[in-house]
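Overview (structure and organization)
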Amino acid sequence: MFRSKINRLLKSESPLDKVLVKGWIRTRRDSKSFSFIELNDGSCLENLQIIASDTLENYSQIKNLTTGASISVVGKMMESPGKGQKWELDATDIHVLGLSPENYPLQKKRHNDDFLRTIAHLRPRTNKYGATFRIRSELSFAIHKYFREKDFYYVHTPIITASDCEGAGEMFNITAFDLDNAPKVDGKTDFSMDFFGKEAKLTVSGQLSAEMLALALGNVYTFGPTFRAENSNTRRHAAEFWMVEPEMAFYDLFENMDLAEDFIKSLTSHILSHCSNDIKLFANFVDKNLLSRLEKTMTERFARITYEDAVKIINNSGRTFEYDLSFGKALQAEHERFLTEIYFGGPVIVYHYPKDNSPFYMRLNDDHRTVANMDILLPTVGEIIGGSQREERLDVLVSRMDELGLNQQDYWWYVDSRKFGTAPHSGFGLGFERMMMFLTGISNIRDVIAFPRTPKNIEF
RNA sequence: UCCCCAGUAGCUCAGUCGGUAGAGCAGAUGGCUGUUAACCAUCGAGUCCGCGGUUCGAGUCCGUGCUGGGGAGCCA
């Protein structure tokens, strides 16, 4: 017999004679001659109310079922005489698939996020985390849909890499050596004997590879896992996270910004229309300002200011900040929050940052002191996008690499792309989990990843 | 890595001045009831995070370690 999903059943226009559902019990209440069972199968936030009559042959067993138990139910779906739900399932047959003893950690009341993190294997069974992971799935789909409709190609870039990309960010080493017995030369590990014949790492970005594909296919994007071995202990950082990195041939910085802004608006709109019930949960219980913030993001144009103007605004704000700011200094978290949460009260694009402290691949501006890059800052989550127009001029690129002390040999193929048919191009990286945080109001990145990896945390 | 906070029943928490552990929820039993985190009664439930110290006596004070969280830095 075909198993129905609860999300489909609840949308039914008419009663159904015989349906089969399977799921987990959220709660059970007794009445005089029957028992109410709230069943959830993960297909939606809502439960299906099951009526289990005492005429069922295994009623004594059913009466002892507790929160968390899994069952299979055959019955007739009819209009519910009670308030609070349109449909209910009058069971003709209930099979118990798995019991849930009294020490089942999840109860029908609210738990806090700290505790749920310690039972990451069970928390998807709660309303909030079920909703989170359904939205995460839908957001992934929305990304592919967006780019497909714009004729971008989805490309896969290596997860194992030999170059340390931007030189920024600690990387995880990977090796096939037995670490207690690795070959050595002059006291140092001899990576020429290792699997790849040189030191290998987990990628921190697919950008350099994606550029090569953009310079062949036109517009491309990557969407995959990224790794940082930074000892970051914050609610916004994880050691393993997902990043979306579009890369577009013949785009300048401003076309790059236009795409990034449209992308964020489109994803927001997609989730609001396709996950409305799940989003309502977050609007009601997690963040009261969620809907107005998302609405504003979709309809209003993002503010755009240069880094230099940002510095002026901050210094003329009349506010005192912990860190002083002048040209050349990095915007601190407190400055970014001021811009996006207070001064503009919405998304802000800050562009043309100082050349110093910028990576070698960002295109040098004509003023020779700034580069053609941009960050997009969102209220509550901070930086969600970092992007730039890439340096396509061979001579400028090479002198920048020299300036920063990078070895050209390590990037020979990247430099090659500027020797043969070089072209202006641009791209950006969007932090997928930070987008999830923005859309749900969830304040900790550990709560938008099923099994998060952070320093000292790899339990699940 | 630095600064701050926390760790008590399966869960959420209380615990006064240092005097030997107590509520709600969950569970079990009984009652009531087309219920909505149902309700009422009864019962069982503890390595008070670990180690060391002060004290006649430590959940409580001191030191230290571990774990978790918040903020900062780094970034997406």
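The structure displayed is predicted, hence computed values, not measured ones.

**Overview of the overall build of chain A**
- Summing up its helical and strand segments, chain A has 13 helices and 18 strands in all.
- Structurally, chain A occupies a C-alpha span of about 85 × 60 × 45 Å along its principal axes.
- The burial tally for chain A puts 50% of its 460 residues in the buried class.
- Sequence separation of 24 or more characterises 67% of the internal contacts of chain A that already satisfy a separation of 6 or more.

**A word on the sheet that holds strand β1 (residues 16–30)**
- The sheet built from 5 strands closes into a barrel, its strands ordered β1-β2-β3-β5-β4 with mixed pairing. Between one strand axis and the next, the sheet turns by 55° as a mean value, whatever way the strands run.
- As paired elements, β1 and strand β4 (residues 70–79) share 7 bridges and run antiparallel to each other. Residue V21 lies in a different strand from β4, and its bridge partner there is V73.

**With respect to the environment of I25**
- Its place among the elements puts I25 in strand β1.
- Spatially, the C-alpha atom of I25 lies 9.7 Å from that of L48, the residues being 23 residues apart in sequence.
- With residues near it in sequence (within four places) discarded, I25 still touches I37, E38, L39, L65, T66, T67, G68, A69 and I71.

**Some details on helix α12 (residues 412–419)**
- If you check which residues of α12 are buried, you get Y414, V415, S417 and R418. End-on, the buried residues of α12 take up no more than an arc of 145°, which puts them together on one face.
- Where α12 is buried, its residues meet α5 (207–217), α11 (394–403) and β18 (425–431).
- Looking one or two places after α12, you find G421, whose phi comes out positive at around 60°.

**A few points about unusual backbone geometry**
- Phi at F250 takes a positive value of approximately 65°, unusual for a residue other than glycine.
- With respect to the helices and strands, the residue F250 is situated in the loop between β13 (240–249) and α6 (253–274).
- We note that K456 has phi near 70°; this positive angle belongs to a residue other than glycine.
- When you line up the elements, K456 lands in the segment after α13 (432–440).
- Among the residues examined, K456 registers a relative accessible area of 89% and is labelled exposed.

**Some thoughts on the protein's contact with RNA strand B**
- Surrounding RNA strand B, one finds 52 residues, the nearest of these being K83, E88, K108, T234 and R434.
- Atoms of RNA strand B within 4 Å of the protein belong to the sugar or the phosphate in 51% of instances, the rest to bases.
- In this structure, a base nitrogen belonging to RNA strand B sits 3.0 Å away from a main-chain N or O atom of D30.
- Here N444 contributes a side-chain N or O atom positioned 2.7 Å from a phosphate oxygen of RNA strand B.

**Some thoughts on the sheet that holds strand β11 (residues 200–202)**
- Spatial ordering of the open sheet is given by β7-β11-β8, a layout of 3 strands whose pairing is antiparallel. Strands with a single pairing partner mark the edges of an open sheet, and in this sheet they are β7 (160–161) and β8 (173–174).
- In this structure, β7 lies alongside β11, joined through 2 bridges in antiparallel fashion. Paired with I160 across the two strands is L202, which belongs to β11.

**Here's the deal with the packing of α6 against α13**
- Running from amino to carboxyl end, α6 crosses α13 at an angle of 55°, the nearest separation of the two axes being 11 Å. Taken together, the axes of α6 and α13 are oblique relative to one another. As for the relative orientation of α6 and α13, their crossing is right-handed in sense. Between α6 and α13, the contacting residues are I264, L267, T268 and I271 on the first element and M435, F438 and L439 on the second.
- A class-by-class count of the residues in the contact of α6 with α13 yields 6 nonpolar, 1 polar and no charged.

Rules used throughout
Residues numbered from 1 in each chain as written. Chains lettered and ligands numbered in written order. Predicted model: local features only at pLDDT ≥ 70, side-chain atom pairs only at ≥ 80, totals over all residues. Heavy atoms only, no water. Helix = DSSP H or I, 4+ residues; strand = E, 2+ residues; numbered from the N terminus. Buried < 20%, exposed > 50% of the residue type's maximum accessible area, 1.4 Å probe, protein only. Contact = heavy atoms within 4.5 Å. Pairing = 2+ DSSP bridges. Axes fitted to C-alpha atoms, helices over the stretch in contact; angles between N-to-C directions. Arc of directions from axis to C-beta. Near = heavy atom within 4 Å. Polar contact = N/O pair within 3.5 Å; in protein donor to acceptor, adjacent residues only side chain to side chain. Parallel < 35°, antiparallel > 145°, perpendicular 65-115°, else oblique. Left-handed = near helix turned anticlockwise from the far one by under 90°. Nonpolar A, V, L, I, M, F, W, Y, C, P; charged D, E, K, R; others polar.

Coordinates in, geometry out; function isn't part of it.
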